[in-house]
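Residues per chain, in single letters:
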There are 2 protein chains.
Amino acid sequence: MAAAAPPPPPSDVPEPRMAPPETTPIGHPVFTRIRLATPLDVPFIHKLIHQMAVFEKLTHLFSATESSLSSTLFLSPPFKSFTIFLLELSSSPIPPLLSPSPSFTPIEKTFNFDLPLNDPEKDVFSVHYGSDQVVIAGFVLFFPNYSTFLGKPGFYVEDLFVRECYRRKGFGKMLLSAVAKQAVKMGYGRVEWVVLDWNVNAIKFYEQMGAQVLPEWRICRLTGDSLQADQNANV
Amino acid sequence: MAAAAPPPPPSDVPEPRMAPPETTPIGHPVFTRIRLATPLDVPFIHKLIHQMAVFEKLTHLFSATESSLSSTLFLSPPFKSFTIFLLELSSSPIPPLLSPSPSFTPIEKTFNFDLPLNDPEKDVFSVHYGSDQVVIAGFVLFFPNYSTFLGKPGFYVEDLFVRECYRRKGFGKMLLSAVAKQAVKMGYGRVEWVVLDWNVNAIKFYEQMGAQVLPEWRICRLTGDSLQADQNANV
């Protein structure tokens with residue numbers, strides 16, 4: 001608003017507070033992209049999973065190595081088995097992928113935040129595209145499951161993780177929505193995941209997305225010695 | 001014992017009751033086999049799933065058809081994706097498969113029951129191998145899942161079902177153990193499934209097998225309209 005402008009007419013609209021000149025960009029743009037992970041991303045994936053274990057106070061259960069991930073992931077085409085979406089993030093537009101997957105068109109979205117996002121681990125999670133640098137902010141790992149009642153597959157989301165400095169910005173929802181979108185594209189019937197019952201914020205968030213939380217089902221797990229023992233029992 | 005035999009010496013061992021001659025077979029032998037299902041088994045699988053929906057009082061959720069099953073199952077090699085083991089049963093030895101899968105050697109076991117197993121739906125669930133007839137008594141449907149903490153796959157058991165007239169004989173455990181055995185063979189880390197929290201008998205049975213029931217996790221499900229809606233939200 002120019003200084004010489006006449007006072008505005010009386011109105012219910014509140015007087016605007018003094019703002020920066022309109023030519024100054026407001027906020028901090030953040031360019032994001034969801035793309036398929038590749039075997040080259042294993043070091044990032046390993047670090048992200050480890051951070052998740054730290055966050056969940058479950059590092060005693062964490063035994064994955066880059067080698068164990070490399071030998072068990074990326075063995076099938078995307079969406080047929082274990083599949084990982086990575087969330088990339090940059091303060092400038094992200095260049096196109098040199099070798100895009102024919103199976104998946106990356107999802108791009110631009111955010112505008114009031115404050116810059118400070119990433120203390122920017123160097124550890126950087127990917128370079130020529131002279132451009134983006135950071136890996138999170139991931140989702142999912143794979144097909146099957147509903148015999150529907151007679152069709154769905155997706156099961158094993159992990160959804162956004163690094164601490166990028167939380168509460170809508171990135172988790174962006175990753176989960178990308179899985180839902182892919183499920184719909186493939187004609188799948190549902191997307192499922194699990195949540196800890198005391199994580200009321202997460203449960204509220206999921207219910208706002210339209211998810212049902214099924215109260216009666218409990219997970220059973222046979223692992224370690226019991227798994228080894230059971231396979232010989234009574235057979 | 002011959003009638004002319006002298007009375008036995010005093011002993012703590014109870015006098016044997018009069019038994020049938022030793023040459024008479026005691027009980028009713030039941031020959032069982034767990035084998036991989038094939039596309040030809042879809043009509044049986046469909047009926048089994050429907051019976052499961054009736055048992056669980058969830059027929060309102062049941063929309064699978066033989067066609068939807070055929071178009072979504074058997075698309076990948078066994079154990080790479082959705083896999084079904086069928087339990088076959090006969091009162092006489094079951095003939096070998098004409099086209100055995102190289103991926104799986106059928107598991108055979110002979111039971112001996114005091115009473116014959118009467119199957120009111122024997123004709124509906126019969127498979128003919130030449131002049132031999134066996135019945136399908138149950139099934140288990142499972143597929144790989146993935147533990148990022150272990151950095152390796154496991155199996156998730158979606159359905160385990162034994163027809164009513166064959167329950168409480170150990171057949172359910174036989175099917176679940178076959179999945180555990182396959183998991184160990186493939187170097188997988190765990191087998192998981194879910195159970196309804198009010199099904200205390202099932203929970204007790206699973207715990208006796210060495211399974212942990214994880215009390216804190218809840219299943220979240222995005223399906224139907226919410227799944228369709230969500231894929232467009234905020235992305």
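Residues numbered from 1 in each chain as written. Chains lettered and ligands numbered in written order. Predicted model: local features only at pLDDT ≥ 70, side-chain atom pairs only at ≥ 80, totals over all residues. Heavy atoms only, no water.

Looking at an unreviewed UniProt entry, one finds chain A named L-ornithine N5-acetyltransferase NATA1 and attributed to Hibiscus syriacus.

A.B. asks: I'd like a rundown of the packing of aromatic side chains, residues and numbers included.
C.D. replies: By the definition in use, this model includes 40 aromatic pairs over all chains. For the ring pair A:F79 and A:F155, a centre distance of 6.4 Å and an interplane angle of 50° mean the geometry is tilted. Here A:F79, found in the loop between α2 (66–72) and β2 (83–90), pairs with A:F155, found in strand β6 (residues 152–162); they are 76 residues apart in sequence, far enough to count as distant. Under the relative-accessibility criterion, A:F79 is labelled buried at 3%. Between B:F79 and B:F142, the ring centres sit 6.1 Å apart and the planes meet at 35°, which makes this aromatic pair tilted. Within this pair, whereas B:F79 is found in the loop between α2 (66–72) and β2 (83–90), its partner B:F142 is found in strand β5 (residues 132–147), the two being separated by 63 residues in sequence. Taken together, the ring pairs in this structure connect A:F79, A:F85, A:F104, A:F142, A:F155 and A:Y188 into an aromatic cluster. Positioned above the aromatic ring of A:F55 is the side chain of A:R167, whose terminal nitrogen or guanidinium carbon lies 4.6 Å from the ring centre. (Phe/Tyr/Trp six-rings, centres within 6.5 Å; stacked < 30°, edge-to-face > 60°. Helix = DSSP H or I, 4+ residues; strand = E, 2+ residues; numbered from the N terminus. Buried < 20%, exposed > 50% of the residue type's maximum accessible area, 1.4 Å probe, protein only. Lys NZ or Arg CZ within 6 Å of the ring centre and 35° of its normal.)

A.B. asks: Explain the interface of chain B and chain A to me, using residue names and the numbers behind them.
C.D. replies: Contacts between the two partners involve 73 residues from chain B, matched on the other side by 74 residues from chain A. Of the roughly 7200 Å² buried between chain B and chain A on both sides combined, carbon and sulfur atoms contribute 61%. For the interface between chain B and chain A, the tally reads six salt bridges. Put simply, A:D197 and B:R218 hold a salt bridge, and the shortest N to O gap is 3.4 Å. Here chain B and chain A share 30 residue pairs in polar contact (both at pLDDT 80 or more) between them. The class makeup of the residues in the side of chain B that touches chain A is 42 nonpolar, 17 polar and 14 charged. Relative to strand β8 (residues 212–214) of chain B, strand β9 (residues 217–223) of chain A is paired through three bridges, and the arrangement is antiparallel. Of the residues in β8(B), the one forming a bridge with A:R221 is B:Q212. (Contact = heavy atoms within 4.5 Å. Buried area = accessible area lost by both parts, 1.4 Å probe. Salt bridge = Lys/Arg side-chain N within 4 Å of Asp/Glu carboxyl O. Polar contact = N/O pair within 3.5 Å; in protein donor to acceptor, adjacent residues only side chain to side chain. Nonpolar A, V, L, I, M, F, W, Y, C, P; charged D, E, K, R; others polar. Pairing = 2+ DSSP bridges.)

A.B. asks: Run through the nonpolar core, naming residues and quoting values.
C.D. replies: Counting residues in hydrophobic clusters, the biggest one holds 42 residues, and the most contacted among them are B:I34, B:F85, B:F171, B:V191 and B:W193. Among the elements that take part in this core, helix α3 (residues 171–185) of chain B stands out by supplying nine residues, more than any other. Counting 40 residues, the second largest nonpolar core, distinct from the first, contains A:V157, A:V191, A:W193 and B:L227. (Core = buried A, V, L, I, M, F, W, Y, C linked by side-chain atoms within 4.5 Å.)

A.B. asks: Got a sec to walk through the relation of the copies chain B and chain A? Specific residues and values, please.
C.D. replies: Note on the copies: chain B fits chain A at an RMSD of 0.0 Å, the axial shift is 0.0 Å, and the rotation between them is 180°. The transformation relating the two chain copies, once decomposed into turn and shift, fits a two-fold axis. Both copies present the same face, since 100% of the interface residues in chain B are matched by interface residues at the equivalent positions in chain A. (Least-squares fit on C-alpha atoms with pLDDT ≥ 70 in both.)

A.B. asks: Outline the pattern of salt bridges, listing residues and values.
C.D. replies: Counted according to the given criterion, the structure contains 18 salt bridges over all chains. A salt bridge links B:E121 to B:R163; its shortest N-O distance comes to 3.9 Å. With B:E121 in the loop between β3 (107–113) and β4 (126–129) and B:R163 in the loop between β6 (152–162) and α3, this pair connects stretches of sequence that are 42 residues apart. Judged by its relative accessible area of 31%, B:E121 falls in the partly exposed class. One salt-bridge network, held together by shared partners, links A:R33, A:R35, A:D41 and A:E88.

A.B. asks: Account for empty space enclosed by the protein, naming residues and giving values.
C.D. replies: Per the counting criterion, the structure on display carries one cavity of 30 Å³ or more. Here the largest cavity is characterised by a volume of approximately 50 Å³. Looking at the largest cavity, the residues that line it are A:K80, A:S81, A:F82, A:F143, A:P144, B:K80, B:S81, B:F82, B:F143 and B:P144. Of all elements in the fold, only β5 (132–147) of chain A together with β5 of chain B reach the threshold of two or more residues within the lining of the largest cavity. Broken down by class, the residue content of the lining of the largest cavity amounts to six nonpolar, two polar and two charged. (1 Å grid on protein atoms, 1.4 Å probe; cavity = no way out; pocket = protein on both sides within 12 Å on 5 of 7 lines; lining within 4 Å. Points joined across faces, edges and corners; volume = space filled by probe spheres on them.)

A.B. asks: Before we move on, could you go through the pairing of β5(B) and cite the residues and values that matter?
C.D. replies: All names here are of chain B. Of all 16 residues in β5, 14 are buried, a share of seventy percent or more. Note that β4 and β5 share four bridges and pair antiparallel. Bridge pairing links V127 to V134 in β5. In this structure, the hairpin formed by β4 and β5 is closed by a connection of two residues, where G130 is found at a positive phi of approximately 60°. Between β5 and β6, which pair antiparallel one after the other, the connecting turn spans four residues, and G151 there sits at a positive phi close to 65°.

A.B. asks: Account for helix α3 (residues 171–185) of chain A, with residues named and values stated.
C.D. replies: A turn of α-helix holds 3.6 residues, and therefore any two residues three or four places apart point the same way. Compared with an ideal rise of 1.5 Å per residue, which puts 15 residues at 21 Å, α3(A) spans 21 Å between its outermost C-alpha atoms and is within 8% of the ideal. Listed as buried for α3(A) are A:F171, A:G172, A:K173, A:M174, A:L175, A:L176, A:S177, A:A178, A:V179, A:A180, A:Q182 and A:A183. (Expected span 1.5 Å × (residues − 1).)

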